[in-house]
Amino acid sequence: MENLVIADFNIKNIDKILEIEKESFSNHWSKQMFLAETENKFSRFKICLADSSIIGFIIYRIVLEEAEILNIVIGNKFRGKSFGRQLLKYAVNNIKENKVKNIFLEVNERNIVAQNLYKDGGFVQYSTRQNYYGNDHAVLMKLSLC
Ligand SMILES: CC(C)(COP(=O)(O)OP(=O)(O)OC[C@H]1O[C@@H](n2cnc3c(N)ncnc32)[C@H](O)[C@@H]1OP(=O)(O)O)[C@@H](O)C(=O)NCCC(=O)NCCS
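Computed from a predicted structure; not experimentally measured.

Turning next to the site of the ligand. Neighbouring residues of the ligand: 18 residues in total, closest Ile72, Ile74, Gly84, Arg85 and Asn111. Between an oxygen atom of the ligand and a main-chain N or O atom of Gly80, the distance comes to 2.8 Å. At a separation of 2.8 Å, an oxygen atom of the ligand approaches a polar backbone atom of Ser82. Considering the ligand on its own, with 920 Å² of exposed area, one finds that the protein chains cover 71% of that surface. Using a 2 Å cut-off from the grid points, one finds that the ligand occupies the largest pocket.

The structure is reproduced here in structure tokens:
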């Protein structure tokens, strides 16, 4: 298993992040949405690199005792190599250091790969949100840390 290098997002990384985001979602985040996260004092925006190239990223927010994972993406060519698991684990460990009690997230009901990743990381489904993604429902998941 190749080890990832995880670093803070820098504005010079934005074009690569947009490229990875666009190849991954039809309804993708805009540049403005990413930049808004960099201005949000509750947000953590981390990139991950393999062989010095950016291959993915994760964005999460920590607000007092709660955290939320907003987005995690590994570029197409690099999937299935445990990078997503390592990146999620990094975020969960970082969140734990902040005395958070619960981590929440929502994922498209049809995105089984991501649901598997989250289950693998200990997340459990606690509800659904109907038609959250157009006609698709959102699966609401959480990880209790206490
Ligand atoms: C979801 C995503 C981040 C997973 O990253 P990844 O590096 O490919 O995942 P990993 O190789 O670390 O796999 C970790 C676990 O995820 C699940 N998983 C990964 N690929 C899978 C696949 N093709 N089918 C089913 N489950 C899969 C498995 O549970 C796997 O554990 P295992 O290897 O023990 O079976 C990646 O597929 C991705 O970027 N998808 C597009 C963006 C996205 O949907 N993000 C989530 C938004 S909520």
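Right, let's get into the sheet that holds strand 2 (residues 43-50). Taken in spatial order, the seven strands make up an open sheet running 1-2-3-4-5-7-6, and their pairing is mixed. At either end of the open sheet lies a strand with only one pairing partner, and these are strand 1 (5-8) and strand 6 (124-133). The mean angle between the axes of side-by-side strands here comes to 25 degrees, regardless of whether they run parallel or antiparallel. As defined by bridge partners, strand 1 adjoins strand 2 across four bridges and the pair is classed as antiparallel. If you follow Ile6 over to strand 2, its bridge partner there is Cys48. Strand contacts of helix 2 (residues 31-39): strand 2, strand 3 (53-63) and strand 4 (66-74), with the helix running at about 55 degrees to strand 3, the strand carrying the most contacts. Across the sheet, helix 3 (residues 83-96) is in contact with strand 1, strand 2, strand 3, strand 4, strand 5 (102-108) and strand 7 (136-144); its angle to strand 3 comes to roughly 30 degrees.

Counting across every chain of the model gives seven salt bridges. The partner of Asp120 in a salt bridge is Arg85, and the shortest N-O contact between them spans 2.8 Å. Residue Asp120 is found in helix 4 (residues 112-120), and its partner Arg85 is found in helix 3; the two are separated by 35 residues along the sequence. Of the residues examined, Asp120 reaches a relative accessible area of 46% and is grouped as partly exposed. The class of Arg85 is partly exposed, set by a relative accessible area of 41%.

Here we come to the packing of helix 3 against helix 4. The relative placement of two packed helices is expressed as an angle between their axes plus a distance between the axes. The interhelical angle for the contact between helix 3 and helix 4, taken along N-to-C directions, is 50 degrees, at an axis separation of 10 Å. With respect to helix 4, the element helix 3 is oriented oblique. For the pair helix 3 and helix 4, the sense of crossing is right-handed. Side by side, helix 3 and helix 4 meet where Gly84, Arg85 and Leu88 of the first sit next to Leu117, Tyr118 and Asp120 of the second. Here the residues of the contact of helix 3 with helix 4 are counted per class, giving three nonpolar, one polar and two charged.

Okay, unusual backbone geometry next. Although it is not a glycine, Ser82 sits at a positive phi angle of roughly 75 degrees. Looking at the secondary structure, you find Ser82 in the loop between strand 4 and helix 3. Overall, Ser82 belongs to the partly exposed group, its relative accessible area being 23%. The backbone of Asn131 sits at a positive phi, close to 50 degrees, despite the residue not being glycine. Looking at the secondary structure, you find Asn131 in strand 6. What makes Asn131 partly exposed here is its relative accessible area of 47%.

Now for helix 1 (residues 14-24). Here helix 1 has its buried residues at Ile14, Ile17, Leu18, Ile20 and Glu21. Buried residues of helix 1, viewed axially, fall in a sector of 165 degrees; they line one side. The elements touched by buried residues of helix 1 are helix 2, strand 2, strand 3 and strand 4.

About the criteria used
- Residues numbered from 1 in each chain as written.
- Predicted model: local features only at pLDDT ≥ 70, side-chain atom pairs only at ≥ 80, totals over all residues.
- Heavy atoms only, no water.
- Near = heavy atom within 4 Å.
- Polar contact = N/O pair within 3.5 Å; in protein donor to acceptor, adjacent residues only side chain to side chain.
- Areas by Shrake-Rupley, 256 points an atom, 1.4 Å probe, with all protein chains shown as cover.
- 1 Å grid on protein atoms, 1.4 Å probe; cavity = no way out; pocket = protein on both sides within 12 Å on 5 of 7 lines; lining within 4 Å.
- Sits in = over half its atoms within 2 Å of the grid points.
- Pairing = 2+ DSSP bridges.
- Helix = DSSP H or I, 4+ residues; strand = E, 2+ residues; numbered from the N terminus.
- Axes fitted to C-alpha atoms, helices over the stretch in contact; angles between N-to-C directions.
- Contact = heavy atoms within 4.5 Å.
- Salt bridge = Lys/Arg side-chain N within 4 Å of Asp/Glu carboxyl O.
- Buried < 20%, exposed > 50% of the residue type's maximum accessible area, 1.4 Å probe, protein only.
- Parallel < 35°, antiparallel > 145°, perpendicular 65-115°, else oblique.
- Left-handed = near helix turned anticlockwise from the far one by under 90°.
- Nonpolar A, V, L, I, M, F, W, Y, C, P; charged D, E, K, R; others polar.
- Arc of directions from axis to C-beta.

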